[in-house]
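Listed below, chain by chain, are the residues.
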Amino acid sequence: MADFPIQSPDIIYLTEGGQETEIMYRHGHELTEFAMYPLLDNPLAMADLKAMYCRVLDVAAANGFVSMISGLDYRASPDWGYKLGYSRSALADAVMQSIEFLLDVAKPYQTVGHKVLIGGMLGPRGDAYSLNRTITANESEDYHSFQLEVLKRANVDFVSAMTFNSVPEALGVSRASFRAGLPLSMGFMLDSNHRLKSGTSLREAIETVDSEAGNARPDFYGINCSHPLEFEPAFEPGEWIFRLRSLRPNASAKEKMDLCQLGHLEEGDPLDLGQRMGALAQRFPHIDIFGGCCGTWDKHLDEIARNVRHATR
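Each chain carries its own residue numbering, running from 1 in the written order of its sequence. Reporting of local features is limited, given that this is a predicted model, to residues whose pLDDT is at least 70; pairs of side-chain atoms are given and counted only at 80 or more, and all residues count toward the totals for whole chains, interfaces and linings. Hydrogens and water are ignored here; the side-chain numbers use all heavy atoms of the structure.

Colleague: Is there a simple way to think about the sheet that holds strand β2 (residues 66-69) in this case?
Modeller: Strand pairing in a sheet is mediated by backbone hydrogen bonds. Such pairs are either parallel or antiparallel. Any two strands with at least two DSSP bridges between them are considered paired. Only runs of H or I of at least four residues qualify as helices and only runs of E of at least two qualify as strands under DSSP, and these elements are numbered from the N terminus. Taking strand neighbours around the barrel as the criterion, the eight strands line up as β1-β2-β3-β4-β5-β6-β7-β8 in a closed arrangement whose pairing is parallel. Bridge count between strand β6 (residues 220-226) and strand β7 (residues 244-249): five bridges; the pairing is parallel. Each bridged residue has a counterpart across the sheet, and for S226 the counterpart in β7 is P249. Of the strands in this sheet, β3 (116-122) and β4 (158-164) are in contact with helix α5 (residues 137-153), which crosses β3 at around 160°. Residues are treated as being in contact if the distance between any of their heavy atoms lies within 4.5 Å. Think of each axis as a best-fit line through the C-alpha atoms, taken over the contacting stretch in the case of a helix, with angles from 0 to 180 degrees between the N-to-C directions.

Colleague: How should the environment of Q282 be read in this particular structure?
Modeller: For Q282, the location among the structural elements is in helix α10 (residues 270-283). Whether a residue is buried, partly exposed or exposed follows from its accessible area with a 1.4 Å probe, protein chains only, as a fraction of its type maximum: under 20%, in between, or over 50%, in that order. The exposed category is assigned to Q282, whose relative accessible area is 58%. In this structure the C-alpha to C-alpha distance between Q282 and R309, which are 27 residues apart in sequence, comes to 9.7 Å.

Colleague: Would you explain the packing of aromatic side chains in this entry?
Modeller: Two descriptors summarise a pair of aromatic rings, namely the distance from one centre to the other and the angle between the planes of the rings. The rule is short: rings of Phe, Tyr and Trp, with Trp giving its six-membered ring, pair when the centres are within 6.5 Å, and they are stacked under 30 degrees, edge-to-face over 60, tilted in between. Across all of its chains, the model carries nine aromatic pairs by this definition. Ring plane angle 85° and centroid distance 5.1 Å describe the contact between Y37 and Y86, whose orientation is recorded as edge-to-face. Pair noted here: Y37 is in the loop between α1 (19-25) and α2 (43-63) and Y86 is in the loop between α3 (78-83) and α4 (88-111), with a separation of 49 residues, a long-range link. A residue is classified by how much of its surface remains accessible, and Y37, at 1% relative accessible area, is buried. The interplanar angle of 90° and the centroid separation of 5.2 Å between the aromatic rings of F235 and F284 together place this pair among those described as edge-to-face. Taken together, the positions of F235 in the loop between α8 (228-231) and β7 and F284 in the loop between α10 and β8 (289-290) put the pair 49 residues apart, joining distant regions of the chain. Pairwise contacts between aromatic rings join F4, Y13, F158 and F220 into one cluster. Here R245 stacks its cationic end above the ring of F220, 5.2 Å away from the centre of that ring. Lysine NZ or arginine CZ positioned within 6 Å of the ring centre and within 35 degrees of the ring normal marks a charge as sitting over the ring.

Colleague: How should the nonpolar core be read in this particular structure?
Modeller: Nonpolar side chains in soluble globular proteins tend to be buried together. We call a set of buried residues a nonpolar core when its members are Ala, Val, Leu, Ile, Met, Phe, Trp, Tyr or Cys and they connect through side-chain atoms within 4.5 Å of each other. With 93 residues, the main nonpolar core has L49, F188, F235 and L247 as its most contacted residues. When neighbours within four sequence positions are excluded, L49 is seen to be in contact with I23, M36, L39, L72 and F101. Core analysis: the second largest hydrophobic core is formed by eight residues, F4, M68, F158 and I289 among them.

Colleague: What exactly am I supposed to notice about the state of the cysteines here?
Modeller: Note on terminology: disulfide describes a covalent bond linking the sulfur atoms of two cysteines. A pair of sulfur atoms, both from cysteines and within 2.5 Å, is called a disulfide here. This structure, assessed with the given rule, holds zero disulfides. Among the cysteines around C293, which has no disulfide bond, C225 carries the closest sulfur, lying 4.1 Å off. Given a relative accessible area of 10%, C293 falls into the buried group.

Colleague: Explain the pattern of salt bridges here, please?
Modeller: Between side chains of opposite charge, a pair can form when the charged atoms approach closely. Every case where a carboxyl oxygen of Asp or Glu lies within 4 Å of a side-chain nitrogen of Lys or Arg is listed as a salt bridge. Under the definition given, this model contains 19 salt bridges. Residue E267 is joined to R26 by a salt bridge in which the shortest nitrogen-to-oxygen separation is 3.4 Å. Of this pair, E267 sits in the loop between α9 (256-261) and α10 while R26 sits in the loop between α1 and α2, and the two are 241 residues apart along the sequence. The class of E267 is partly exposed, set by a relative accessible area of 23%. By relative accessible area, which is 45% here, R26 ends up partly exposed. Put simply, R203 and E207 hold a salt bridge, and the shortest N to O gap is 3.1 Å. One end of the pair, R203, and the other, E207, are both in helix α7 (residues 202-213), four residues apart, so they sit about a helical turn from each other. Through salt bridges that share partners, E22, R26, R55, E267, D298 and K299 make up one connected network.

Colleague: Would you mind showing me how to read α7 here?
Modeller: Think of an α-helix as 3.6 residues a turn; residues three or four steps apart then line up on the same face. Compared with the 16 Å implied by 1.5 Å per residue over twelve residues, the 16 Å span of α7 between its first and last C-alpha is a close match. Where α7 is concerned, the buried positions are L202, A205, I206, V209, D210 and A213. Down the axis of α7, the sector holding all buried residues measures 120°, keeping them to one side. Summarising the contacts, the buried residues of α7 are in contact with α6 (167-180), β5 (184-188) and β6. Remark: G214 follows α7 within two positions and exhibits a positive phi of approximately 60°. A helix is expected to reach a length of 1.5 Å times the quantity of its residues less one. By arc we mean the arc of the directions from the helix axis to the C-beta atoms, nothing more.

Fair warning: the whole summary comes from geometry, so function is off the table for now.
See below:
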């Protein structure tokens, strides 16, 4: 099984930001069911996406970060594919094309010595912003295995599971990813109560998945689709915090569902967000993967990268 690179004091990683909100509200492309991969058939949208990702890679290179890019396959699991009219074969093709697109974008940067890691992105089976029907760990393992097996064939460097709020579903993904031999970042989403939507604390979620997954536990954990005002109060003391390695905040602390339905880009205060992330990098020096989520792209990522780099010198 491949492992994600071990932590090094000399290496910090930068991911993309909130690609869905950026492509919808800044570039005007509609996303049915919030899915990115149908844009693969839209040359104009793909040109906009390529320019978007290049700006992220430019920010990472300018600030001396290793890049981690992913993001077209968040909705590429069977239930979402079915809603969009994709057979399993067509969905697998879309995942492969998504990874090929990222490889193509990264190629010029790799040749000039800037390291770029290419990843797949898993979303939950249901709606991340509400409580869905109960899903067991076994059901989750079976369900998410489809996309993970395709990503294994695509030879990705890592998989990011994003916006999860169900501990059993996270456990199933961990087991499926381990079986596929893929490094996994398990990303939880916190609300204004500083907890998962299911009511579980971040500490409880991480400790439970680690305990029940055993050898199949995620390589590390992350937080995404939450503003620092939502997730920083969840940072209780304890050894569990060292399993948290990735922070991908929203630009705004507004209600998450609203951010996807406002009809415009809610970019918050990029300067403030960068300063908050720099302060967190200084407070928790073991956290080495930074990026963004809803409302963020290169403007926010540049502020985050500059503040984090300053804090870790």
